[in-house]
Amino acid sequence: MDKTSQTSEQNSLDKTYQPADIERRWAPHWEAQGYFRPSGQGPSFSQMIPPPNVTGSLHMGHAFQDTIMDILTRWHRMKGHNTLWQVGTDHAGIATQMLVERKLEAEEGKTRHDLGREAFLDKVWEWKAESGGNITRQLRRLGASVDWERERFTMDDGFYKAVQQVFIRLYDDGLIYRGKRLVNWDPKLHTAISDLEVENKDQQGQFWHFRYPLADGLKTRDGQDHLVVATTRPETLLGDTCVAVNPDDERYADLVGQHVILPLVGRRLEIVADEHADMEKGSGCVKITPAHDFNDYEVGKRHQQPLINVMSLSAAILDQAQAFDLKGQPLSGIDTSIPEAYRGLDRYEARRLIVADMEAAGLLEQVEPISNTLPYGDRSGVVIEPLLTDQWFVRIQPLAEPAIQAVEAGDIRFVPKQYENMYFAWMRDIQDWCISRQLWWGHRIPAWYDDQGNVYVGSDEADVRAKYGLADDLTLNQDEDVLDTWFSSGLWTFGTLGWPESTEALKAFHPTNVLVTGFDIIFFWVARMIMLTLHFMKDEQGKPQVPFRDVYVTGLIRDEQGQKMSKSKGNVLDPLDMVDGISLEDLLAKRTGNMMQPQMAEKIAKRTQKAFPDGIAAHGTDALRFTLAALASTGRDINWDMKRLEGYRNFCNKLWNAARYVLSNAEGEDCGQHGGEVELTLADRWIISRLQQTEQSVTQHLEQYRFDLAANTLYEFIWNEYCDWYLELSKPVLWDENASAARLRGTRQTLVRVLEVTLRLAHPIMPFITEEIWQRVAPLAGLAGETIMLQPWPQADQSRIDAAAEQDIEWVKGIIVAIRNLRAEMNIAPGKPLPILLYKGHSEDLRRLNDNRVFLQKLAKLESVTWVEHEADLPMSAMQLVGEMEVRLPMAGFIDKEAEITRLSKEVDRLGQDIKRTEGKLSNEAFVSKAPEAVVQKEQTKLAEARQAQATLQEQIEQLKAL
RNA sequence: GGGUGGUUAGCUCAGUUGGGAGAGCACCAGCCUUACAAGCUGGGGGUCACAGGUUCGAACCCUGUACCACCCA
């Protein structure tokens, strides 16, 4: 884009702020100019985007985090740092595979097995090519200043190499092992999942109490010929191997070592003594099914029990059970037959039938309704089954230890700090991590097997043969499984910078400075990145490197009702719909189309119609970003509020119009950019002073990750100080035909320069509008530069903080507000010129009056201001106090006597309450003697002032009454 | 059951070593005042969840309770 054409085509800015056109011009321009690349100069600042799912789209949570990351990036870039924000996407194994499978089913009526592995993977890549641009398009629209030239994808060859390396090294270090273990098995998706992908849901369930007959004619102490065990999953009965009683339970002490007969099956089950049996619960006996329950597995291990698996990968009952020892080796000599009636039944059908059969056999003692929790797969939504399968695991303990220490030692800092506890709690109770997934889409495990089932780990077949000295004719088959997606994303910070090569990028940008992410992902990702990075990355002294210094944890964006946004609830908001706007029809189509549960569509449509009867208006990217920044407080939940967005869109408009005012008064005029004598008015010195404090404050808030406070500070300064007061104060100067050239120059210069600095301060939050305006304002401020985004970050100049000017302006504002009050309460038209008297003023008041008479007359619309020395010169008048000075408006023609008395009485009452409270404090001996001197002093001053003001007003009332 | 966070104006939320309760939006009244009606001016509105405690003084610190949310079992 040609910059000059852009500025010269239009002579003035549009009357209202039109973000769409501005944003579409600047985003591609910045990128094309290469402004997003690291400068190669100055200290490094780097962060990695948490890679979103490549085929997904950004939701509000992403927009929130990406905005924060961009604020940090732009801020550091302006501070002159060598800034890298690295972007990329994640292959998201299970999510993407499911999506493509569904599409395949819908479009071709085929399953992935119909296609075969290779053809299916081609389909996934096709889909990625088609939809993978979504995310990056959205990021660009949000103004994200990421270095697109370094964009990475977790399935890129280079990254895959890093993943392989990590796997191989961990295996060689003995930190990865393979074994037949119980895992969380998803019977619908046919894959193992990690504990983190399991969602536990409360529900009302049933506890079936079964009688297991004692073998060999034995009886319990109280004469029963059976033990009672209870279960929520009767179908697992088929895989029972023993019954446990508590070692301290005297009721069954003499039965330990004896047997019961497993009903329906007929197997003899040993009675074992184990702590796991809870004496208080039910009968105190518990059936043990080591192959189908995590707790039972541990019990079985303690008592050398076999593992008897009775379920298929689809959670149906097998035709014949499989028995294994604790090492996962097949066991012979155990009766693994399953009664014919149950063979092939789905787990729930089997449950019904087994309960019925037990009841028929008189072995069902009772059915107890209980509240329990069931584990669901977070992707499939079906109940997870603990299942004995061959899987790969990471031995986590040796990795967790240093990862805990890194946070304890402060090498990694969580912001807000409270999240460290969450991290510690999880890390200290961490289990080995199952990293294999029975999927096709993902990083294939670099392990090969020979016909004997021996395992060889290496980067490819040739490497394996060389490494293990295998004969060329030995047949090798690669493991069919892929790695958990989080295994690869755990390498994100260094894998994207070229590791395992020792690259310049790694040297410059690792460790990264900060990670911005949601708390829901601390375990999934943050913890794993810390563990893996510490293990693999060492600095030049060989000290383990952290992946990032700070972890800034954001809250979760919810809808207006505080509900989590989700596709199935139909309450998701696309950040770009906030930006561009969307009609109700399109929004409905978006929310109800392509649903996993179409029956929800009607309900969602209704809700959507109610929440957005007119669709969503366009607000622009800057307004969205500002809103997100303003919402970024330390809380855990953030309820999205369209009203806030609207408010901040209005704020953009305010800034826009302020710029229009400044430009209309400065363009083509002498703004001091070429030198010349400059005279600064009180208002000029005041706004410059306030600007320094704003710079200081915004910078400090950004340093502390308080984006909300930074945004508030900017809002406050721009609207309530620059616009409300300074622009108004500049008018009397600019419109004064007799104003000196130096004075005009000073005011124009201040208008322009303060705006220019403010734009830079606001740029990280609102990149587009600030750039657009800056292009016009910068030359007037005597600055050259291609873009605001490479200008220096403003630095406060302490010498320009001017307390005297601030006090004087407060005085001016006090008088103006007093007069506005009088007008409003006396119902006097805003434009009617008023004659004002000032009485009982001090010499300081007189000085201020003389200095600021013009400001007062213009801004308060005064006919005259008269300084009165003697009471005799005062006509009857309405009154407002400014400090001790009385601002008086003669009543003739303006004032309703009764109304004025009422108004003053209200004020007297209010002061009375203040006085009472302050007197109470000061009459408290303990307060006066124990509170700090300054606090007591303050209260005393306050009391004196309030008393005096009250007396003055009271006197005024008396005088009015006497009239 | 264990843990964490929260409860402040009608709504969404600030409140930084304890010292006169704030913002935006909404509401009421008046204004097209030559940057802005996406605006200007003025105004009403809160037992800071509840109960104790510490303190001269508590929205803030401590204890307990209730409710909400999330995490874990």
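Residues numbered from 1 in each chain as written. Chains lettered and ligands numbered in written order. Predicted model: local features only at pLDDT ≥ 70, side-chain atom pairs only at ≥ 80, totals over all residues. Heavy atoms only, no water.

Counting secondary structure elements, chain A contains 31 helices and 31 strands. A compact globule built from 963 residues would reach a C-alpha radius of gyration of about 30 Å, whereas chain A, at 38 Å, exceeds it by more than 25%. Taken over the C-alpha atoms alone, chain A extends approximately 120 × 70 × 60 Å along its principal axes. When burial is assessed residue by residue, chain A has 54% of its 963 residues classed as buried. Sequence separation of at least 24 residues holds for 77% of the intrachain contacts in chain A that already meet a minimum separation of 6. Surface summary for chain A: the accessible area is close to 42200 Å², and the carbon and sulfur share equals 47%. Between the centroid of the 108 positive side chains of chain A and the centroid of its 143 negative side chains there is a distance of 3 Å. (Helix = DSSP H or I, 4+ residues; strand = E, 2+ residues; numbered from the N terminus. Rg over C-alpha atoms; globule rule 2.2 N^0.38 Å. Buried < 20%, exposed > 50% of the residue type's maximum accessible area, 1.4 Å probe, protein only. Contact = heavy atoms within 4.5 Å. Areas by Shrake-Rupley, 256 points an atom, 1.4 Å probe, with all protein chains shown as cover. Lys, Arg positive; Asp, Glu negative; His and termini not counted. Charge placed at Lys NZ, Arg CZ, Asp CG, Glu CD.)

Along the chain, D472 turns up in the loop between α13 (461-468) and β22 (477-478). Its relative accessible area of 70% is what places D472 among the exposed residues. C-alpha of D472 to C-alpha of A462: the two residues are 10 residues apart in sequence and 9.1 Å apart in space.

A cluster of acidic residues, E118, D122, E126 and E130, forms a negative patch on the protein surface. With respect to the secondary-structure elements, D122 resides in helix α6 (residues 117-131). (Patch = residues over 30% accessible without salt bridge, like charges linked within 9 Å, V, L, I, M, F, W, Y side chains within 5 Å. Salt bridge = Lys/Arg side-chain N within 4 Å of Asp/Glu carboxyl O.)

Side chains three or four residues apart in an α-helix point the same way, a direct result of the helix having 3.6 residues per turn. Counted at 1.5 Å a residue, the expected span for helix α23 (residues 682-703) with its 22 residues is 32 Å, and the 32 Å between its end C-alpha atoms agrees. Where burial is concerned, most of α23 is hidden: 17 out of the 22 residues are buried. Phi turns positive, to about 60°, at Y705, one or two residues after α23. (Expected span 1.5 Å × (residues − 1).)

In the contact formed by helix α29 (residues 897-922) and helix α31 (residues 933-962), the axes pass within 8 Å of each other and the chain directions differ by 155°. Judged by the angle between their axes, α29 and α31 are roughly antiparallel. Crossing hand, α29 versus α31: left-handed. Grouping the constituent residues of the contact of α29 with α31 by class yields 13 nonpolar, 7 polar and 9 charged. (Axes fitted to C-alpha atoms, helices over the stretch in contact; angles between N-to-C directions. Parallel < 35°, antiparallel > 145°, perpendicular 65-115°, else oblique. Left-handed = near helix turned anticlockwise from the far one by under 90°. Nonpolar A, V, L, I, M, F, W, Y, C, P; charged D, E, K, R; others polar.)

So, on to the sheet that holds strand β5 (residues 176-186). Spatial strand order, β6-β5-β16-β18: 4 strands in an open sheet with antiparallel pairing. Each end of this open sheet is capped by a strand with a single partner; those strands are β6 (191-193) and β18 (433-434). As paired elements, strand β16 (residues 385-394) and β18 share 2 bridges and run antiparallel to each other. Residue V394 lies in a different strand from β18, and its bridge partner there is W433. (Pairing = 2+ DSSP bridges.)

With that out of the way, let us pick up the sheet that holds β22. The strands that make up a sheet are held in pairs by hydrogen bonds between backbone atoms, and each pair lies either parallel or antiparallel. Ordered by their spatial adjacency, 3 strands build an open sheet running β21-β20-β22, and the pairing between neighbours is antiparallel. The open sheet has two edge strands, β21 (455-457) and β22, and neither has a second partner. Bridge count for strand β20 (residues 447-449) against β22 is 2 bridges, and the pairing is antiparallel. Counted as the bridge partner of Y449 is N477 from β22. Of the strands in this sheet, β20 and β21 touch α13, which is tilted by about 110° from β21.

For strand β13 (residues 307-311), the buried fraction is high: 5 of the 5 residues fall into the buried class. The hairpin formed by β13 and strand β14 (residues 317-324) contains 5 residues between the paired strands, and A315 there has a positive phi angle of roughly 65°.

What follows covers the pattern of salt bridges. In total, this model carries 63 salt bridges according to the counting rule given. Close ionic contact of R74 with D70 constitutes a salt bridge, the shortest N to O distance being 2.7 Å. With R74 and D70 both in helix α3 (residues 60-78) and 4 residues apart, the pair spans about one turn of that helix. With relative accessibility at 1%, the residue R74 sits in the buried group. The partner of E939 in a salt bridge is K921, with the nearest N and O atoms 3.7 Å apart. Of the two residues, E939 is situated in helix α31 and K921 in helix α29; the sequence distance between them amounts to 18 residues. A cluster of three or more residues bridged by salt bridges with shared partners is formed by D808, E844, R847, R848 and D851.

Next up on the list: the side chain of D808. For D808, the position within the fold is in helix α27 (residues 803-826). Among residues more than four places away in sequence, those in contact with D808 are L682, R847 and R848.

Close to RNA strand B lie 41 residues, the nearest being S633, R636, R649, K930 and K942. For RNA strand B, the backbone makes up 62% of the atoms found within 4 Å of the protein, where backbone means sugar plus phosphate. At 2.4 Å from a phosphate oxygen of RNA strand B is found a side-chain nitrogen or oxygen belonging to S633. Taking R706, its side chain carries an N or O atom lying 3.0 Å from a phosphate oxygen of RNA strand B. Of all elements in the fold, only β27 (637-639), α22 (642-666), α24 (707-734), α27, α30 (925-930) and α31 reach the threshold of two or more residues within the surface near RNA strand B. The dominant element in the surface near RNA strand B, judged by the number of residues it contributes, is α22, at 10 residues. When grouped by side-chain class, the residues that make up the surface near RNA strand B number 14 nonpolar, 9 polar and 18 charged. (Near = heavy atom within 4 Å. Polar contact = N/O pair within 3.5 Å; in protein donor to acceptor, adjacent residues only side chain to side chain.)

One pass over the full model with this rule turns up 29 aromatic pairs. Summarising the aromatic geometry, the rings of W125 and F153 are spaced 5.8 Å apart at their centres and angled 85° between planes, so their arrangement reads as edge-to-face. Here the residue W125 occupies a position in helix α6, and F153 occupies one in strand β4 (residues 152-153), the gap between them amounting to 28 residues. Among the residues examined, W125 registers a relative accessible area of 36% and is labelled partly exposed. You can call F153 buried: its relative accessible area is 4%. (Phe/Tyr/Trp six-rings, centres within 6.5 Å; stacked < 30°, edge-to-face > 60°.)

Confidence along chain A averages 87 in pLDDT terms, with 98% of residues attaining 70 or more. Note that residues 1-10 has pLDDT below 50 and, in this model, 14 contacts with residues that lie over four places away or in other chains. Reported confidence for the predicted complex is 0.93 by ipTM and 0.88 by pTM. (pLDDT = per-residue confidence, 0-100.)

Empty space within the second largest pocket amounts to approximately 1300 Å³. What lines the second largest pocket is a set of 45 residues, among which F207, T232, R233, D293 and N372 lie closest to the centre. Of all the elements in the fold, those that place two or more residues in the lining of the second largest pocket are β7 (198-213), β8 (226-231), β12 (285-288), α9 (294-302), α10 (347-360), β15 (364-377) and β16. Take the lining of the second largest pocket: its biggest share by element is 8 residues, from β7. Of the residues in the lining of the second largest pocket, the class split is 17 nonpolar, 18 polar and 10 charged. (1 Å grid on protein atoms, 1.4 Å probe; cavity = no way out; pocket = protein on both sides within 12 Å on 5 of 7 lines; lining within 4 Å. Points joined across faces, edges and corners; volume = space filled by probe spheres on them.)

Once that is clear, we can look at α24. Along its length, α24 shows its largest kink, about 45°, at Y722. Counting buried residues in α24 gives 20 out of 28 residues, a clear majority hidden from the surface. (Bend = angle between axes of the 7 residues up to and from the residue.)

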